[in-house]
Structure formats: C-alpha cells, structure tokens
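As a plain string of letters, each chain reads:
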Protein chains: 2
Amino acid sequence: MNELNKWQDYLAENRDRFIQELVEFVKIPSISALSEHTEDMNEAGRWFAKRLKQAGLNHVQVLPTGGHPVVYGDWIDDPKLPTVLIYGHFDVQPIDPIELWETPPFDPVIKNERMYGRGASDDKGNLMSPVAAIEALLETTGRLPVNVKFFAEGQEEIGSPQLPRFIAENKDLLACDVVLSADGLQMSVDQPTIDVGYRGMVAMEVHVQGPANDLHSGLYGGMVQNPIHALAHIVASLHDEEGRVTVPGFYEDVEELSVQERNQMAEIPFNEVDTKERLQVDALFGEPGYSSLERVWSRPTLEICGIGGGYQAQGFKGIVPAEAMIKLTCRLSARQDPEKITHAIQNHIDNHTLPGVKVSIKDRESGAEAYRMPVDHPVNLAAAKILTQLYGKEPLVARCGGSIPVCGLFLKELQAYTVGFSFSYEDEYLHSPNEFFRLDSMDKGQKGYVLLLQELAETLKK
Amino acid sequence: MNELNKWQDYLAENRDRFIQELVEFVKIPSISALSEHTEDMNEAGRWFAKRLKQAGLNHVQVLPTGGHPVVYGDWIDDPKLPTVLIYGHFDVQPIDPIELWETPPFDPVIKNERMYGRGASDDKGNLMSPVAAIEALLETTGRLPVNVKFFAEGQEEIGSPQLPRFIAENKDLLACDVVLSADGLQMSVDQPTIDVGYRGMVAMEVHVQGPANDLHSGLYGGMVQNPIHALAHIVASLHDEEGRVTVPGFYEDVEELSVQERNQMAEIPFNEVDTKERLQVDALFGEPGYSSLERVWSRPTLEICGIGGGYQAQGFKGIVPAEAMIKLTCRLSARQDPEKITHAIQNHIDNHTLPGVKVSIKDRESGAEAYRMPVDHPVNLAAAKILTQLYGKEPLVARCGGSIPVCGLFLKELQAYTVGFSFSYEDEYLHSPNEFFRLDSMDKGQKGYVLLLQELAETLKK
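Residues numbered from 1 in each chain as written. Chains lettered and ligands numbered in written order. Predicted model: local features only at pLDDT ≥ 70, side-chain atom pairs only at ≥ 80, totals over all residues.

**With respect to the overall build of chain A**
In terms of helices and strands, chain A carries 15 helices and 18 strands. Against the 2.2 N^0.38 benchmark of 23 Å for 462 residues, chain A shows a C-alpha radius of gyration of 23 Å, consistent with a compact globule. Here the C-alpha coordinates of chain A stretch approximately 85 × 50 × 45 Å along the principal axes. (Helix = DSSP H or I, 4+ residues; strand = E, 2+ residues; numbered from the N terminus. Rg over C-alpha atoms; globule rule 2.2 N^0.38 Å.)

**Re the sheet that holds strand β3 (residues 83-89) of chain B**
Residues and elements named next belong to chain B. Spatial ordering of the open sheet is given by β1-β2-β6-β3-β7-β17, a layout of six strands whose pairing is mixed. Each end of this open sheet is capped by a strand with a single partner; those strands are β1 (58-63) and β17 (418-420). On average, each strand axis in the sheet is tilted by 20° relative to the strand beside it, whichever way the strands run. The sheet contact formed by strand β2 (residues 70-75) and strand β6 (residues 147-153) spans six bridges and is antiparallel. Among the inter-strand pairings, Val70 is bridged to a residue of β6, identified as Glu153. With respect to the sheet, helix α3 (residues 38-55) is in contact with β1, β2 and β6, its orientation differing from that of β1 by roughly 175°. (Pairing = 2+ DSSP bridges. Axes fitted to C-alpha atoms, helices over the stretch in contact; angles between N-to-C directions. Contact = placed C-beta atoms within 7 Å.)

**Regarding the sheet that holds strand β15 (residues 371-372) of chain B**
All names here are of chain B. The strand order β15-β8-β16 describes an open sheet built from three strands, whose pairing is mixed. Edge strands, defined here as strands with exactly one partner in the open sheet, are β15 and β16 (396-400). Of the pairings in the sheet, the one linking strand β8 (residues 193-198) to β15 comprises two bridges and is antiparallel in character. Looking at β15, one finds that Tyr198 is bridged to Tyr371.

**Quick notes on the relation of the copies chain B and chain A**
For the pair chain B and chain A, the superposition axis carries a translation of 0.0 Å, the fit reaches an RMSD of 0.0 Å, and the rotation angle comes to 180°. Expressed as a symmetry operation, the mapping of one chain copy onto the other fits a two-fold axis. In this assembly the copies share their binding face: 100% of the residues contributing to the interface of chain B also contribute to that of chain A. (Least-squares fit on C-alpha atoms with pLDDT ≥ 70 in both.)

**So, the nonpolar core**
Within the largest apolar cluster, 269 residues are counted, with the highest numbers of intra-cluster contacts made by Val84, Val179, Val235 and Ala383 of chain A together with Val84, Val179 and Val235 of chain B. Sequence-distant contacts of Val84 of chain B, defined by excluding residues within four places in its chain, comprise Val146, Val148, Cys176, Asp177, Val178, Leu180, Leu453 and Leu456 of chain B. (Core = buried A, V, L, I, M, F, W, Y, C linked by C-beta atoms within 7 Å. Buried ≥ 20, exposed ≤ 12 C-beta atoms within 10 Å, placed from the backbone.)

**Quick look at the domain arrangement of chain A**
Residue and element names in this part refer to chain A. In terms of domains, chain A is made up of domain 1 (2-198 + 371-459) and domain 2 (200-255 + 286-364). For domain 1 and domain 2, the distance between their C-alpha centroids amounts to 34 Å. Classifying every residue of the side of domain 1 that touches domain 2 gives one nonpolar, four polar and two charged. (Domains from an automatic or database assignment. Nonpolar A, V, L, I, M, F, W, Y, C, P; charged D, E, K, R; others polar.)

**What to know about helix α4 (residues 120-141) of chain B**
A rise of 1.5 Å per residue sets the reference length of α4 of chain B, with its 22 residues, at 32 Å; its end C-alpha atoms lie 29 Å apart and thus fit the reference within 8%. Most of α4 of chain B is tucked away: 18 of the 22 residues are buried. (Expected span 1.5 Å × (residues − 1).)

**Some words on the pairing of β1 of chain B**
Residue and element names in this part refer to chain B. Here four bridges tie β1 to β2, and the two strands are oriented antiparallel to one another. Its bridge partner being in β2, Asn58 is matched across the sheet by Asp74. Hairpin connection between β1 and β2: a loop of six residues separates the two successive antiparallel strands, and Gly66 in this loop has a positive phi of roughly 95°.

**Some points on the interface of chain B and chain A**
With 85 residues of chain B at the contact, the number on the chain A side is 85 residues. At the level of secondary structure, the elements contributing two or more residues to the side of chain B that touches chain A comprise β10 (215-216), α7 (217-220), α8 (227-237), α11 (292-298), β11 (301-310), β12 (319-320) and β13 (323-332) of chain B. No other element matches β11 of chain B, which puts nine residues into the side of chain B that touches chain A. Across the side of chain B that touches chain A, the residue classes tally to 38 nonpolar, 33 polar and 14 charged. Of the pairings in the sheet, the one linking strand β11 (residues 301-310) of chain A to β11 of chain B comprises five bridges and is antiparallel in character. In the strand pairing of β11 of chain B, Gly309 of chain A is matched with Ile307 of chain B.

Next up, the structure:
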C-alpha cells in the first residue's frame, strides 16, 4: 500500500513536467510521409531515446532501418521473469488542410485540459504514458515487476515499410511474451474496450497522363482525352452506387461474420443520430447489409483519400490538363492478402482505362494484413481487469477499423500477440486538423501501465 | 511609295525598343483569375494606357468596370471617315503548374527569336502590334487612314464578366464600323486563316461536401460517403465512354454542320500523326462521328479543367476527406444558350448526387454565346488580302474553338462584326507553361495592321 502510494505520488508530483515533455515532443514535426521531414524524424527518434534513458531504461539506442529509424530500450532484471514489449510510434500524419487548424499544429496549446497539436493523441501522448509509468516505478521501487522492452517506430503512418525486414532480422532483440500497444483507442471516456482486431491496408498512387502539357481547352477541347475524365471513370468504376467495391475478387477471401460476432457487435452502443450530428452528414453510407460498426470493424474498404489534377486555384483556367492522380487506400479484413488485392485493383484499373491516356501506379506501400487475436487471451483478460479499475466499468470487446501493421509482424516473427492498451478516443481528430489529447488520458495511461505491468507479473508468471 | 518606306523604316529602326516594351508589359503579372493580382491588373491597365498615349492616341483613359478595368484611346480625324475599333486584352492566364516553366513566367527570356513568358502570345504580344503600327503611321505621316478607337480589356481570361454591362452603357464611346481583334490565331507560320467563328463558354465550380472534417479512414472508412467517390460519380456521368456529353439537352440547340461546311473543313490540312506526336498522346479522342477539326471548331464540349480533394502531397494519409471540387468549363457551339446549358448541367449533377454528401455550385461565370460571322464580310476579304501579302499564301477559312466573349457583345451592342487579325499560333503554349511569342509575329502584326488600316480606308469608304 505504501509502495502503491509512492508511484502515484511521483506521477502527481511530476505531472506538470510530463505535460511539458509532451509539448516538447509534439513540437517536433515528425511527419513520416514527407521527405522534407526526414531530419525531424531522426530528431524525434533521438528525443525519445533520450527520454527513455532519463526514465531509467538501459541499452537505449536509435536503430537504422533503411527508412525512418526505430528506438529501442529495455530493463531486464531476471531472464526468468516474463518479458513485455511496449510498442508505439513517434511519427505523425501530415497537417494539411493547414488552414483548418485553429492553433498551430506543431506549437501545442493546452485548453480545458486538452492538448491540441498534430500527434498529441496519435501517438505521442499515448507513447509517453508507459515511459512515465516506468520512470515512476523505477524511481519509487527501484525495479519493474516484469522485464520490459520498449520499441517505438517512426513509420506507422506510412505503413511501416522497413519493419518487416527489421523485425525479422532482430528477433532476439525484440523477443517477448506479449506486446502492449500504446497505439489505439478506447471507445469513449465512459466506456473502455478490448480491441481484438485491426484491419489491414493497401495504398497506392494512381497517375493518369494525358497530353504532355496542359492544353488550351478552346484549341484542343473535344479532340483529346481529358485525364480527369479518364480518372473519374476509373474512380467511379470502383464502387457501385450503393457503396460495394466492384473490383473483381475484392471480397473473395473475406470471412463473413459469425452470428455470434454479429450479436456481440450489436451489443456495442452506437448512436447513429449522434454520429451524423458530430460528423455533420445527412446520412451514414456504406456497404449494404451491414451495420455501421460491422462495416468499419469487419468489412474491407477502398477509399480515395486524395485526388488532384489541372487548375485548382481561384477562378478558372481554360485547359485540358496534362495529368491527374488519386491516392487510393484500402482497409482489409481478416484473410485478405494485400498483394492479391493490389493486383486485383491494378487489373480493374487496366480494364477501366479509357483510350488516349496512360495510367501508371506511381507509388505503392508494402501493405499490411489484418490482425486478429483471441478474446480470452490471458493478457486481454489482465488488461480488461485494469481497464475496469480505471473506468469503473467493464470493457466491451471491440475491433478497430484502423491498421497497426506491426501487430501482424510481431505475431509472425516473435510469436507474440499484441494487446491494445492505449487511451485515445475517436473524437480527438486523429489524422484531421485540430487533433487533441485529453490530459486525463495521460493520467489514465500512466496509472494503467503501472497497474498492468504489476498484473502481468502474475498473469505471465513462468 | 516614299510614305510606305517611311513607316517600314520606322518599325525597323524601333524594333529593339518594341521588343523591350513587350518585355516590360509581360513582366506585369496581370492574372485576372487571382484576386491577389488585382493591383497588377490595374498596373497593366495604367501601363498600356501610357503606351497608347506615347503612340499618339487621344482621350486615353483607364475606365472602371466594377471588375478589372478597361483601357480606351482614340484617334478621330473626321467623323465621315470609317471607324475601326481595335480590341485585345492585357490580362493573362494563371501560371501553374509553375514547376514546369523552364524560364520564369514573368521575367521574359528571348531565345531563337522567341519571347518566353506568360501572356507573351496571349495576348500582350499581339496587343502591342497595332500600337506600334499606329505610332509608325502617326510619326511618319502625321495621320491614320481611318478613325481608330482602341479598346483593351482585363477580363478576357475570366469570361469578361463586367463587359456586357460596360459595353451596353458605353455604346457611343465604342461605336464603330468594324472591330479588329488582336486576340486570336493564325493556323501555322506557313498558313494564314480567316476565323469566322468562336465557341461560347460556360464555367462553374462544383463543390462536394462530405463530413465536416477529414476523418480517419480506419475509424470511419466504410461508414460515411467519401466526397471524392461522389464527385467521381458525377464527373463520370457527364460523358459516355466514347466521349459524348450525356447531360440531357446538352446538344439540343446545336446546329449540325452543313455538307458544305464539312467539305470546307475537310479541306483544311490537319495531320493527325503530327498532332499526336506533338501532344504526346497515343490517340486523339472525342465525340464519335466528327473529325478532330469538326470537334474543336463546331461541337460543344464539357471539360473538367481542375479537380481536387483530400491529401495530394507526398505519400499517403489515411483519411476520408471532408470535401472535393471540380472546375467545369464548356465550350459552346452556335445557338447554345449559356444560361440554359448551365441549368441543364446543374440538373444533371443534382440527379447524379449520391447520398451522404451535399453538392453546391460555388462559383459561376456569366458565360458567353458562340460567335459566327459571314465569310464574305468585306472586312474579312480585306484582311484576307493583307494576309496573302504577309504570308505569300491565301488564307483558309477556319474557325477557332476558343472563346472571345466580347465578339458577341460587340455584335449585339454596337452592331459591328469582329474580324480576327492576330498572329499567335497554337504551338505557342497558350494557357500552358512555357508560353512564347515569335518575334516574327510582332513584325507581321505591325506591318499587317498598317496595311489593313490603309486597306480599310477603301473598303469602308462611306
């Protein structure tokens, strides 16, 4: 009881410093998608490594991957103790549309116990909670209840392209009994969740080339194919009007939900009226035959997340543009193979290319498979116990429609499941302007990690 | 003969200065479409007015229109002499995609007797030729062979929105027997043309609003309508796969070409292989049942000249974007009513809007009707005579697929036809990066205007 109070007091006494540290961390514009931020990625890695050292972790190092770096650190007391790998990421999403930010994305502002800034919630805020938890335990008890390895990456937002190789080549370094992911969500501030699945992903940029230059639409309009028209023809061909993906073979390997799974999902509270109001849309929309949660948690999607071509500034420009492009991403459900889906989409695009333009795939991510884990995994049960303590309410079993590519890699290479233990919420504008993190989530996360590590000493006792 | 030599000598002696003046003129970034260039538009107007004064014109003034200004000046000797109104424009197209310019668009470079810069060919180069012609005649003969009014506008590239009202309210000021347009093309450096028609135009921006913010595609992908998908559905619905516009009523008022007109067009040399090579496309493409020249000169088109939405920078961003937009322009053929076509398109868009998004028309130009004039108009015949002298070859009768909205206004308000007398060529990258103007066209234009004004003293003798 005394010991318990000590780490709690330590967290309370150092709360302002922890907040200040998160401000510092968010200030580093570590956008992994943009090559002009490569040095910021390195800087974020160095910053986080330094913070791990300060917390008392050993063997801290920034490791090269061939792409953005990863950060490793550990505290290993006794090889007979169970080993927990804590995972998170220090890269963030791009910030545009910049004009919609009400505060500067990389100069965090705290208002009403919320920190506003890019990456505050996804994932820097969450990533810092286990660091503070470890520091508090080491400072107040001199040790951790289990062996801990810390592994933070700088590629999550771009699909972790170098991680398959890095993890395969560093199995010993990363070997563990279980992974705790400091990246992910709780359902709401009133309702914790245990996520037992993430969707996989595929991403590609499709480029349509028309004439070599923009042409005067008076002199050439009607005589040459307009690449925007050809691109729209492709995009429109990817879904039917009701929202089904029409790429042949797209749903082929998708596992239908069992009656039990559908019943489980139906129990999850989902307020359609509130959701429409919050998103400011007249209607929700998606694949027929599924509820909104079923669509997001279990069904694959194909989304155009960006489109561009021709003149986009003020007024008009009388041209037939030279080129146009889309950024296409899929979220995959269990058993879909990213490679196979990529080829199916490429074939479909080839079959829907109108004459007079050339279509090419300009950029491609390596893709990630969906991830599933057993509901009754002992670490899930341990996490559920701690979440019940933190929220005063038992967690619901849920899935997350997002993708954490590394979960599948940990399972494949380390034979370790990843249990989500993270405290963001979907209303925190992840990936959008005005992203924020609740400071209360920092408190919950710090406390939660202390309690969970203590719990796992029992759960995973060898 | 002596007098003839004098103006020719004057033009030759002052050639370097004329080039330098055009450099100065092109340096003013008078982009009418962009409001940040409003002051540059005024500056271009003032610059041109000063130049008209220097040339010896009287009553020179920059006149307000409610939008970008116009410039007027005249030289009126005897009310009984015929009056020629010379028309052109001093506004230019936007410069993006900026990265494709090989020289700075507003810092003109002269290479191989070509001046590179935005507006060098469309229309500042052409606009300066009659000014030099008038100066040469006034300096060497003390008079002009006809009364001349000069009318230059700053709104041509945005559809001349304030000119219908301005011209209607200034009929006396602009009253004339004929308009000569210093905006337009010759077919090639070897082949002059008399253009007897321009297409009309319509332009609008269509905006599709999805959720209020960009959403995380993992958390919401599959649950809400993606505005890019909805927009692509609209764009794809505007044409069939063969290139016909599918908006109901779009072709309703279009006058089919007569057998005679088709035969006339078939006589115009058009090399499909060369055109494909120059534009670097595998195939030309357009409405079935018409030749390329018929498509561009006589058929209406609907072109998306710009599209944008979501994330367009490097890499990927896992979002369902909040919004997307297109810039839609039509080129109209004779008898199509811009207002009616606008409504037909709006109706079509309403009928092709998928659920879950809101579609609105954000911006609309006033539109312009197509313009036609009789081939055997006496001023066409006079222009043909001078072109034959300049090129050593008789002009072909042609049309231009571009739009000069003011021609229809001059006809309606001043009862004066507009005869194209301009020396750009379609390979000069009008509206595209690396626009250029041949200095030889400056020489031809200056000489041509002197000769044509002299000729018109006879042609239009009252």
